[in-house]
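# Descriptive structure summary
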Amino acid sequence: MSSARPTPVDRSEPTPAPASEALFERARAVTPGGVNSPVRAFNAVGGTPRFIRSARGAWLTDVDGTEYVDLVCSWGPMLLGHAHPEVTAAVADAVSRGTSYGTPTPPEVELAEEIVDRTPVERVRFVSSGTEATMSAIRLARGFTGRDLVVKFAGCYHGHVDALLASAGSGLATFAVPGTPGVPQSATDLTLVLPYNDRAAVEAAFAEHGDRIACLITEAAPGNMGVVPPEDGFNAFLAETCRRHGALFVSDEVMTGFRASRQGQWGLDGAVEGWVPDLMTFGKVMGGGFPAAAFGGRADVMHQLAPEGPVYQAGTLSGNPVATTAGLATLRLATDEVYAHLHTVGDTIKAAVAEALTAAGVPHRIQSTGTMFSVFFADGAVRDFADASRTDSSAYAAFFHAMLDRGVHLPPSAYEAWFLSAAHDERAVQTVLDALPDAARAAAAAREERP
Ligand SMILES: *Cc1c(COP(=O)(O)O)cnc(C)c1O
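In this text the structure is predicted, and so the values were computed from the model without any measurement. (Residues numbered from 1 in each chain as written. Predicted model: local features only at pLDDT ≥ 70, side-chain atom pairs only at ≥ 80, totals over all residues. Heavy atoms only, no water.)

Bringing the overall build of the protein chain into the picture now. What the protein chain contains, in helices and strands, is 15 helices and 15 strands. Taking 22 Å as the expected radius of gyration for a compact globule of 451 residues, we find that the protein chain reaches 22 Å, a close match to that expectation. For the protein chain, the spread of C-alpha atoms along the principal axes amounts to about 65 × 55 × 45 Å. Restricting the contact set of the protein chain to residue pairs at least 6 apart, pairs at least 24 apart contribute 72%. (Helix = DSSP H or I, 4+ residues; strand = E, 2+ residues; numbered from the N terminus. Rg over C-alpha atoms; globule rule 2.2 N^0.38 Å. Contact = heavy atoms within 4.5 Å.)

Okay, here's the thing in structure tokens:
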């Protein structure tokens, strides 16, 4: 690797976080790993996760009183920034009228209308998490087609659904193996895992098993192995392949929906290329920071759901009035100007990241789809999970901590998208830009220290 680097590596002490450390210790005594979702534990980057006591706009404040520019945005949902006054007011008003009735309510109708209006889905059903949305979409696809097999891509994450926590088997078009203990072999015996962006693999799988495949599910643009955009026409190819074989095409827009663009990833390719998924799943942004998610699609498919049809699906808190009020307020405020702002701010940050990493001699690759992007600490195009796995996670860990010590909270894993919001203003962006050169040098030093 390149040698001469004029500026010395910044070895300044990490920002102390005694209150977070104390809470983390208490948390670990009562909760596995001290967290309620694994990536929050900082295992991939080391150190102590910051316990956040409040957030406003683009900023998080931890329990020690330290402020950070938030480039996680709750892993996507906070499109408008934290504690947006209009969303907060709508939620406070909803809460004051009771938080759950177990009956239909007005806001869930309005949110469903908003989603049907923005996306190609004709009918939509609300659930409480993205996991429930994909699980229910697959059940519905199986019920509708009377077939059992599900095709997914390596590196795509669809929540912790048993059948989708699967790794590729020993060859293309062979059945998957469980991706975690606790998932029985029988749950993944019906799952095929293929490499992303690989048309030949899709064709081979459908040639061999086409008449048994209920659905193919894919992230509309993968964001859970870093951002890996579909190659031109790939989603259209998937839709067409499914159609030819009588399988359903399930486009998972839990992350990209209302985030990559006003109409999600579908607005970037489906609307342009003229194809429509049979089923779609949504979450994150559409819940406005509350536990709300949805699946929807063709009216004739959705018609198979209980109580209209025989495929059972239900939820005590589904369509919750507070959550759907937050989602509705968020989507109504997510105007074209918001997406234009995300593009502008994203372009500024991407350019500065590239400049800093280049100056420090750190191999990197920045990939985007719409307003979403991620930074791989590896050379060359990333078109599937094997490419993404070449990322230098120790260089990322050093970069992450140097940014954190300079007031920027990145995702605590090298395989995640960086998220922005409408509230990322000049001060927030400047804080990121100021932190980058030192962080890039810390990443370069971590590469050199490796055995
Ligand atoms: C986050 C995510 C999910 C899972 O959603 P949860 O609400 O965490 O269950 C599913 N699919 C995609 C593409 C996601 O990004």
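Let us keep going from here.
Moving on: the site of the ligand. Every residue close to the ligand is listed here: Ser129, Gly130, Thr131, Tyr157, His158, Gly159, Glu219, Asn224, Asp252, Val254, Met255 and Lys284. In the environment of the ligand, a nitrogen atom lies 2.7 Å from a nitrogen or oxygen atom belonging to the side chain of Asp252. For the ligand, whose unbound accessible area comes to 380 Å², protein coverage reaches 82%. A per-class count over the shell around the ligand returns three nonpolar, six polar and three charged. (Near = heavy atom within 4 Å. Polar contact = N/O pair within 3.5 Å; in protein donor to acceptor, adjacent residues only side chain to side chain. Areas by Shrake-Rupley, 256 points an atom, 1.4 Å probe, with all protein chains shown as cover. Nonpolar A, V, L, I, M, F, W, Y, C, P; charged D, E, K, R; others polar.)

A few words on the environment of Gly179. Take Gly179: it is sitting in the loop between strand E7 (177-178) and helix H5 (185-188). Given the relative accessible area of 47%, Gly179 is considered partly exposed. Sequence separation of Gly179 and Met135 is 44 residues, and the distance between their C-alpha atoms is 16 Å. Residues in contact with Gly179, not counting those within four places in the same chain, are Leu165, Ala166 and Ser167. (Buried < 20%, exposed > 50% of the residue type's maximum accessible area, 1.4 Å probe, protein only.)

Counted by the stated rule, this structure contains 14 aromatic pairs. A centroid spacing of 5.7 Å and a plane angle of 50° characterise the contact between Phe153 and Phe234, whose relative ring orientation is tilted. Of the two residues, Phe153 is situated in strand E5 (residues 149-153) and Phe234 in helix H7 (residues 234-245); the sequence distance between them amounts to 81 residues. Accessibility assignment for this pair places Phe153 and Phe234 in one class, buried. For the pair Phe258 and Phe282, a centre-to-centre distance of 5.3 Å together with 35° between the ring planes defines the contact as tilted. Placement of the pair is Phe258 in the loop between strand E10 (248-252) and helix H8 (264-268) and Phe282 in strand E11 (residues 279-282), with a sequence separation of 24 residues. For the pair Phe258 and Phe282, a shared accessibility class is recorded, and that class is buried. Every member of this aromatic cluster is reached through a ring pair, and the members are Phe42, Phe373, Phe377, Tyr396, Phe399, Phe400 and Trp418. (Phe/Tyr/Trp six-rings, centres within 6.5 Å; stacked < 30°, edge-to-face > 60°.)

This part is about helix H11 (residues 321-333). Between its first and last C-alpha, H11 extends 18 Å over 13 residues, near the 18 Å set by a 1.5 Å rise per residue. Listed in full, the buried residues belonging to H11 are Pro321, Val322, Ala323, Thr324, Thr325, Ala326, Gly327, Leu328, Ala329, Thr330 and Leu331. Of the surrounding elements, those touching the buried residues of H11 are helix H2 (85-96), helix H3 (106-118) and strand E4 (123-127). Near the N-terminus of H11, the side chain that reaches the backbone nitrogen of Val322, with its oxygen 2.9 Å away, is that of Asn320. (Expected span 1.5 Å × (residues − 1).)

Here the focus is the state of the cysteines. This structure, assessed with the given rule, holds zero disulfides. No disulfide involves Cys242; its sulfur sits 7.9 Å from the nearest other cysteine sulfur, which is in Cys215. (Disulfide = S-S within 2.5 Å.)

This paragraph deals with the sheet that holds strand E1 (residues 52-56). Spatially, four strands are ordered E1-E2-E3-E15 in an open sheet, and the strand pairing comes out mixed. Because the sheet does not close on itself, it has two edges, and the strands there are E1 and strand E15 (408-409). The sheet contact formed by strand E2 (residues 59-62) and strand E3 (residues 67-70) spans three bridges and is antiparallel. Considered in E3, the bridge of Leu60 is made with Tyr68. (Pairing = 2+ DSSP bridges.)

Ile115, Phe399 and Trp418 are the most contacted members of the largest nonpolar core, which totals 96 residues. Apart from residues no more than four positions distant in its own chain, Ile115 is found in contact with Val121, Val124, Phe126, Phe258, Phe282, Met286 and Leu331. Core analysis: the second largest hydrophobic core is formed by 20 residues, Ile138, Val150, Leu279 and Leu305 among them. (Core = buried A, V, L, I, M, F, W, Y, C linked by side-chain atoms within 4.5 Å.)

Under the domain assignment used here, the protein chain contains domain 1 (18-79 + 335-449) and domain 2 (86-333). Listed by partner, the interface residues are 30 residues for domain 1 and 29 residues for domain 2. Counting each side, the surface lost to burial between domain 1 and domain 2 is near 2300 Å², with a carbon and sulfur contribution of 58%. When the area that domain 1 buries against domain 2 is broken down by residue, the three leading residues are Tyr339, Met372 and Arg383, summing to 25%. Viewed at the interface, domain 2 and domain 1 are joined by one salt bridge. Note that Arg383 is salt-bridged to Glu231, the shortest N-O span being 2.6 Å. (Domains from an automatic or database assignment. Buried area = accessible area lost by both parts, 1.4 Å probe. Salt bridge = Lys/Arg side-chain N within 4 Å of Asp/Glu carboxyl O.)

What follows is about the packing of helix H14 (residues 393-405) against helix H15 (residues 426-449). Two elements in contact, H14 and H15, have axes whose closest approach is 8 Å; the angle formed by their N-to-C orientations is 145°. Crossing of H14 over H15 shows right-handed handedness. Contact residues: H14 offers Ser394, Ala395, Ala398, Phe399, Ala402 and Met403, while H15 offers Val432, Ala435, Leu436, Ala439, Ala440, Ala442, Ala443, Ala446 and Arg447. For the contact of H14 with H15, the class distribution of residues is 13 nonpolar, one polar and one charged. (Axes fitted to C-alpha atoms, helices over the stretch in contact; angles between N-to-C directions. Left-handed = near helix turned anticlockwise from the far one by under 90°.)

Here we come to the sheet that holds E10. Strand order in this open sheet of seven strands is E4-E12-E11-E10-E9-E5-E8, and the pairing throughout is mixed. Both outer strands of the open sheet, E4 and strand E8 (191-194), are each paired with one neighbouring strand and no more. Neighbour-to-neighbour, the strand axes of this sheet turn through a mean angle of 20°, independent of strand direction.

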